Amino acid sequence: MQLDPSIFREYDIRGIFGQNLTQEVVYNIGVYLGRLMALSGPCVAVGYDARTHSPLLFEWLKNGLQNSLEVYDLGLIPTPIAYFATFNKIEGISIPHSIMITGSHNPPDYNGFKITLDQQPFYGAQIQALKEEIAKQPLAYAPSLSTPKKLNALRAYHEYLIQAFKHLQNFPRKIALDFGNGVGALGLEPVLKALNTNFDSLYSNPDGTFPNHHPDPSEEKNLATLKAYMQAQGIEIGLAFDGDADRIALLTPKRTYGGDELAIVLAEQMLKQGIKPLVIGEVKCSQVMYDTINSFGEALMYKTGHSNLKVKLKETRAHLAAEMSGHLFFNDRYFGYDDALYAALRLLELLSQKSPQELEARMQALPYSYKTAEEKINVPEERKFQIIEKLKNSLQAPLPPNFPPIVKVISIDGVRVIFEHGFGLVRASNTTPTLVMRFEGKDQTCAEHYKKSLLDLLEL
């Protein structure tokens, strides 16, 4: 068996179907993961996204899992329903573990596994230890004749959301939704219909070839169709989702909102409800977000990555966590994982009290800062963390005479340098052979100066 170590990422297991996600590899993942899960619970719930090879991966994986566990088949679902199944009794059954077969927003030939063990993300060192176990003693593929029991977690999820958001009945504005041919519509449309919400959906049919556009709402180009549709139909609220519906983008006529901007308005909404919000952000979030939330609540900075933020959210008992890319984690009135469908309803709740124009005005009233887009530099996988370490050392050595004054250096995830009027971030991606950068300043000239200053220190 050829085991490609690169599929064992920081937050999940992910690779290319048929190339490094082969029958034997996936079976072994199932066997060894099943043995580990069986130590603390007798069963696991498994769901899959719309990719053409997801059902076959399900077959290979469950054959391995069934060596140690009772496997429940959740069928075609959004990722948040797999998490939901571990926090709620489904048809009277408590299930501590889940696996979601998904390639998220990656190209159609990618797929992988997002794993929950005892309601906690399975990531980092745990994934690396699993890789080592498989490599030590790979097993030959052995099909199982046992058929997993079907479990309708999707219906339980619908019922939960309809009850939780019954106050949104007859929402007063029409909304537009772009599901990007992912699985999000399966989770959200029945809820909106039950709440008598007036909506139009684009690309709601799950199609793992993604024939219309790539299902990644953090890329501006993927929102072009939704923007055009909103303009043509006079719709003032748009929501876009990624392939497995754990990330969201909000659009109003004049604005697309980043995850850090949504964190501000959601935290302000919590404040109005009598909660002094504690919010976890990641290193790419704007300094404006941290400063604004700290003026009425508390904002903590942590590492990028959905697994990291879920763990930190539980540890600190924070109310909310947010990633720039549109992962939103509600621990207030919810279970503390990233669920874009639940987040959509929380945003509609916000927009039932504040018009799209008022929301835009609130954003305009925030201190102005110029932010660069997230930028990436391709570097050799084996060198990316070395480059970051050298940058840290360079910042402690005598700096060039024109280097902008440093207020603080944060090294929780890469290097975030706080300057007088903004910041510069350079970090090693945990999932690709790249360095990720973002810069912010009081204006474009300032941000570009911070960018040039830090890049001049990089030893690529």
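Residues numbered from 1 in each chain as written. Predicted model: local features only at pLDDT ≥ 70, side-chain atom pairs only at ≥ 80, totals over all residues. Heavy atoms only, no water.

The name given to the chain in an unreviewed UniProt entry is Phosphomannomutase/phosphoglucomutase, with Helicobacter mehlei as the source organism. Of the comments in the UniProt record for the chain, the one headed Sequence similarities (unreviewed entry) reads "Belongs to the phosphohexose mutase family." (UniProt positions renumbered as here; feature names shortened; annotations may be inferred.)

Visitor: Please set out the nonpolar core residue by residue, giving values where relevant.
Guide: Ranked by internal contacts, the top residues of the largest apolar core, which has 81 residues, are F241 and L345. The element contributing the most residues to this core is helix 11 (residues 340–351), with 10 residues. Leaving out residues up to four positions away in the same chain, F241 has contacts with L177, D178, F179, L188, P215, P217, R247, I248, A340, L341 and A344. Membership of the second largest hydrophobic core comes to 32 residues, among which are Y27, M37, Y48 and W60. (Core = buried A, V, L, I, M, F, W, Y, C linked by side-chain atoms within 4.5 Å. Buried < 20%, exposed > 50% of the residue type's maximum accessible area, 1.4 Å probe, protein only. Helix = DSSP H or I, 4+ residues; strand = E, 2+ residues; numbered from the N terminus. Contact = heavy atoms within 4.5 Å.)

Visitor: Outline the UniProt feature "domain: Alpha-D-phosphohexomutase alpha/beta/alpha" (unreviewed entry) in the chain, listing residues and values.
Guide: Following the UniProt record, one finds the feature "domain: Alpha-D-phosphohexomutase alpha/beta/alpha" (unreviewed entry) at residues 7–136, 156–253 and 259–366. In this annotation, residues 156–253 is assigned 31% helix and 18% strand; the end-to-end C-alpha distance for the span is 34 Å. Between the C-alpha atoms that bound residues 259–366 the distance is 15 Å, and the span itself is 51% helix and 15% strand.

Visitor: Before we move on, can you summarise the sheet that holds strand 15 (residues 320–322) with the specific residues and values?
Guide: With respect to topology, 4 strands assemble into an open sheet ordered 14-13-15-16, the strand pairing being mixed. Each edge of the open sheet is held by one strand with a lone partner, namely strand 14 (298–302) and strand 16 (328–330). Ignoring strand direction, the axes of neighbouring strands in this sheet form an average angle of 20°. Sheet topology places strand 13 (residues 278–282) next to strand 14; 5 bridges connect them, and they run parallel. Looking at strand 14, one finds that V279 is bridged to A299. The sheet strands contacting helix 9 (residues 287–294) are strand 13 and strand 14, and the helix crosses strand 14 at an angle near 145°. Against the sheet, helix 10 (residues 306–316) engages strand 13, strand 14, strand 15 and strand 16, with an angle of about 155° to strand 13. (Pairing = 2+ DSSP bridges. Axes fitted to C-alpha atoms, helices over the stretch in contact; angles between N-to-C directions.)

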